[in-house]
Amino acid sequence: LSANVLRYADRAADLPFAYYVYFENSSSNPYLIRRIEELNKTANGNVEAKVVCFYRRRDISNSLIMLADKHAKEVEEESETTIEVDLTDKQKHQLKHRELFLSRQYESLPATHIRGKCSVALLNETESVLSYLEKEDTFFYSLVYDPSLKTLLADKGEIRVGPRYQADVPDMLVEGELDDREQAKLEVKVWDPDSPLTDRQIDQFLVVARAVGTFARALDCSSSVRQPSLHMSAAAASRDITLFHAMDTLHKHNYDLSSAISVLVPLGGPVLCRDEMEEWSASEASLFEEALEKYGKDFNDIRQDFLPWKSLTSIIEYYYMWKTTDRYVQQKRLKAAEAESKLKQVYIPTYNKPNPNQISSNNGKPAAVNGAMGASYQAQATVIGRACESCYTPQSHQWYSWGPPNMQCRLCASCWIYWKKYGGLKMPTQTDDDKLSSSQPTEESHVRTHLSRQATQGTPVRNTGSPKSAVKTRQAFFLHTTCWTKLARQVCKNTLRLRQAARRPFVPINCAAIKAEYADRHCELAGNPLKIKSTRKPLSCIIGYLEIHPAVKPNVIRSTPSLQSPSAKRLLAPSNHSSLSILGKRNYSHHNGLDGM
């Protein structure tokens, strides 16, 4: 952090910018991205931060990732500008690491776990996605993730900018040209400033409308309960709803005062006009204030969880009327007083403790890579061993063990920082199945898995988006061996030692020694070649043989169990204990004519 000081006020939403920071909860996992809402001091003197949680793509299920990709594709199709046409595979791969999912979940984390600041913004369709890749520690989000319900929803706080939301301004009409537009679709005139009435006459009419509204509230039983005093009734009658109704009535009657006054007081009694402030009860107002404290100005969630019987228009109108009341002023003063007692800034010391995943040299010997020792040692930068899992570089001033211990993987210093910040590897790699699926597009996009350089040598396939163990591979593979490999297994058994090689799969086999032994024994095998099993006869020959020599069913002698003998035994005909085949209960060599071989 700049100057190691984090300054903060009571709420991030009240500031021109919010503090988005990295939190570290594990030495091997990527950083957590959180937005600080407030800083609190605990009883024991420690500082905790109340934060809003953001989730990465690796934190949600594959089905939700497919849903997010589908939503991004729909947004791209709706927009007139292309988003990912000019992006390379590497840029598309890294762009997924910059995507986050907002949540409504809050949690408290120690301030000492803060590792740096970052920036998170709502995805702007008018900007190029390359702007997020060009800036360090920059992320974006467009969907809201509910960790309890495991759902993804579009963020309602979208700012509607871009060519889709621009008005189509027609050309100016030439003098004398007729307007062929549909007048019904145009705006309706509700007030004429050039009316024959003077301003004094209009003000007098509005005073009469307020008096009628006050008298109407005195006659209404429900209004008398809500406004028990004359002053409260007069204040309610002076609200905008009464004035708007009076001016609308005056305009409809062509600014005739006598006819407009007769409409305000019909035969049934005076007209009563009430707005949302009067329509809502005290309990509904309390629910609204509670919902506003929890969700802020997210009126869709307020309506869904607290006030489902109210319309969205009614809630929005009530909010802006509520902001003009004394209740809003009192709550704002109360929050300001609470903010004075909270922390404004906290000192974050520089975190310089060594990482447990760091691979260092001890006593001139290379340290263990996830528990396995290297082959030899030259220097820390040129350790003979596995290359970086991300950029495949063999040299680095510092190495970090990465992934499960059985994978024996490591990252260079640059890729380790990228892994901690963005939760993935820099370079994208594909399996053969992924390449095949990309050449044959389907309706549903498959989750891309990464294949390391060591996976091509027979190690288990793993998902580079997560360092979790991948003992059971998702896709099976077939190892096709050549004829020379099969001959080497038979001829060079002493040098090859298959059992020892299987127990140490990461130790390379000395191919030169095997070739030398095979060359020495080639002369010996020239005079005494290996016995090769005869080829299997075709099915037609076997069927013909069975027609000439039908199979004879053996007789089975069963003895009746005696009641006197407790251990009754079954007497079977003597038979060969070798495995019998399905063809006539005989073995394969008998039917193929290999008895004499």
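Residues numbered from 1 in each chain as written. Predicted model: local features only at pLDDT ≥ 70, side-chain atom pairs only at ≥ 80, totals over all residues. Heavy atoms only, no water.

### Quick notes on the overall build of the protein chain
Here comes step 1: The helix and strand tally for the protein chain stands at 21 helices and twelve strands.
Here comes step 2: By residue count, 31% of the 597 residues in the protein chain fall in the buried class.
Here comes step 3: By sequence separation, contacts in the protein chain at least 24 residues apart represent 62% of the contacts at least 6 residues apart.
Here comes step 4: Entry remark: accessible area of the protein chain is about 40,100 Å², with carbon and sulfur atoms responsible for 55%. (Helix = DSSP H or I, 4+ residues; strand = E, 2+ residues; numbered from the N terminus. Buried < 20%, exposed > 50% of the residue type's maximum accessible area, 1.4 Å probe, protein only. Contact = heavy atoms within 4.5 Å. Areas by Shrake-Rupley, 256 points an atom, 1.4 Å probe, with all protein chains shown as cover.)

### Remarks on the pattern of salt bridges
Here comes step 1: Following the criterion strictly, the structure yields 17 salt bridges and no others.
Here comes step 2: The closest approach of N and O atoms between Asp137 and Lys421, which form a salt bridge, is 3.2 Å. Of the two residues, Asp137 is situated in the loop between α3 (130-134) and β7 (138-146) and Lys421 in helix α14 (residues 413-422); the sequence distance between them amounts to 284 residues.
Here comes step 3: The shortest N-O distance in the salt bridge between Lys335 and Glu293 comes to 3.3 Å. Within this pair, whereas Lys335 is found in helix α13 (residues 326-341), its partner Glu293 is found in helix α10 (residues 282-295), the two being separated by 42 residues in sequence.
Here comes step 4: Sharing partners across several salt bridges, the network here consists of Glu24, Arg115 and Lys420. (Salt bridge = Lys/Arg side-chain N within 4 Å of Asp/Glu carboxyl O.)

### Re the environment of Asn510
Here comes step 1: Tracing the sequence through the fold places Asn510 in the loop between α18 (498-503) and α19 (511-527).
Here comes step 2: Given a relative accessible area of 49%, Asn510 falls into the partly exposed group.
Here comes step 3: A distance of 3.4 Å separates the side chain of Asn510 from the backbone nitrogen of Ala512, its partner in a polar contact.
Here comes step 4: A distance of 3.4 Å separates a polar side-chain atom of Asn510 from the backbone nitrogen of Ala513. (Polar contact = N/O pair within 3.5 Å; in protein donor to acceptor, adjacent residues only side chain to side chain.)

### Quick notes on the packing of aromatic side chains
Here comes step 1: Taken as a whole and assessed by the stated rule, the structure comprises 21 aromatic pairs.
Here comes step 2: Where Tyr295 meets Phe306, the ring centres are 6.1 Å apart and the plane angle is 75°; that geometry is what we call edge-to-face. Here the residue Tyr295 occupies a position in helix α10, and Phe306 occupies one in the loop between α11 (299-305) and α12 (312-322), the gap between them amounting to eleven residues.
Here comes step 3: Among the residues examined, Tyr295 registers a relative accessible area of 18% and is labelled buried.
Here comes step 4: On the basis of relative accessibility, which here comes to 14%, the residue Phe306 falls in the buried class.
Here comes step 5: In this structure an aromatic cluster arises from ring pairing among Trp280, Phe288, Phe299, Tyr318, Tyr319, Tyr320, Trp322 and Tyr328.
Here comes step 6: The aromatic ring of Tyr106 is capped on one face by Lys50, whose charged end is 5.1 Å from the ring centroid.
Here comes step 7: Lying over the aromatic face of Trp399, Arg410 brings its terminal NZ or CZ to 3.8 Å of the ring centre. (Phe/Tyr/Trp six-rings, centres within 6.5 Å; stacked < 30°, edge-to-face > 60°. Lys NZ or Arg CZ within 6 Å of the ring centre and 35° of its normal.)

### Quick look at the packing of helix α4 (residues 199-219) against helix α7 (residues 240-252)
Here comes step 1: Look at α4 against α7: their axes get within 9 Å of each other, and the N-to-C directions meet at 125°. The orientation of α4 with respect to α7, classified from their angle, is oblique. The element α4 and its partner α7 pack so that their crossing is right-handed. Residues Phe205, Leu206, Ala209, Arg210 and Arg217 of α4 form the contact with α7, whose own contacting residues are Thr242, Leu243, Ala246, Met247 and Leu250.
Here comes step 2: Here the residues of the contact of α4 with α7 are counted per class, giving seven nonpolar, one polar and two charged. (Axes fitted to C-alpha atoms, helices over the stretch in contact; angles between N-to-C directions. Parallel < 35°, antiparallel > 145°, perpendicular 65-115°, else oblique. Left-handed = near helix turned anticlockwise from the far one by under 90°. Nonpolar A, V, L, I, M, F, W, Y, C, P; charged D, E, K, R; others polar.)

### A word on the environment of Phe140
Here comes step 1: Position of Phe140 among the secondary structure elements: in strand β7.
Here comes step 2: Note: C-alpha distance between Phe140 and Asn124 (16 residues apart in sequence) is 8.7 Å.
Here comes step 3: Other than its neighbours up to four places away in sequence, Phe140 contacts Leu95, Arg98, Glu99, Leu100, Ala121, Leu123 and Tyr132.

### Examining the sheet that holds strand β10 (residues 358-359)
Here comes step 1: Pairing is antiparallel across the open sheet formed by three strands, whose spatial order is β10-β11-β12. Only two strands of the sheet have a single neighbouring strand rather than two, namely β10 and β12 (409-412).
Here comes step 2: Here strand β11 (residues 399-402) pairs with β12 via four bridges, running antiparallel. Bridge pairing in β12 links Ser401 to Arg410.
Here comes step 3: Lying over the sheet, α14 contacts β11 and β12, oriented at roughly 100° with respect to β12. (Pairing = 2+ DSSP bridges.)

### What about the pairing of β7?
Here comes step 1: A large share of β7 lies buried, amounting to eight of its nine residues.
Here comes step 2: With four bridges connecting them, strand β6 (residues 114-122) and β7 associate as parallel partners. Residue pairing for β7: Leu122 is matched across the bridge by Tyr141.
Here comes step 3: Judged from the four bridges that link them, β7 and strand β8 (residues 151-154) form a sheet pairing that is antiparallel. The residue bridging Val144 from the neighbouring strand is Leu153, located in β8.
Here comes step 4: In this antiparallel pair of consecutive strands, β7 and β8, the connection spans four residues, and Lys150 shows a positive phi of 60°.

### Points about helix α8 (residues 257-264)
An α-helical turn contains 3.6 residues, so a residue and the one three or four places further along point in the same direction.
Here comes step 1: Along α8, the positions that sit buried rather than exposed are Ser259, Ala260 and Leu264. One side of α8 holds all its buried residues, which, seen down the axis, span an arc of 145°.
Here comes step 2: If you follow the buried residues of α8, they end up packed against α4 and α7. (Arc of directions from axis to C-beta.)

### Brief notes about the packing of α10 against α12
Here comes step 1: Contact geometry of α10 with α12 gives a least axis separation of 12 Å together with a crossing angle of 85°. On the basis of their axis angle, the class for α10 and α12 is roughly perpendicular. Between α10 and α12, the residues in contact are Ala285, Phe288, Glu289 and Leu292 and Ile315, Tyr318, Tyr319 and Trp322, respectively.

### So, the confidence of the model for the protein chain
Here comes step 1: Averaged over all residues, the pLDDT of the protein chain is 74; the fraction at 70 or higher stands at 68%.
Here comes step 2: Across residues 1-5, confidence stays below pLDDT 50; counting only partners more than four residues off in sequence or on other chains, it has 13 contacts.
Here comes step 3: The low-confidence segment residues 431-473, where pLDDT is below 50, has 66 contacts with residues more than four positions distant or belonging to other chains. (pLDDT = per-residue confidence, 0-100.)

### What to know about the pairing of strand β3 (residues 32-41)
Here comes step 1: Bridge count between strand β2 (residues 20-23) and β3: four bridges; the pairing is antiparallel. Looking at the pairing, Tyr22 lines up with Ile33 of β3.
Here comes step 2: Summarising the sheet, β3 and strand β4 (residues 47-56) pair through seven bridges and their orientation is antiparallel. Bridging from a neighbouring strand, Ile36 pairs with Val51 of β4.

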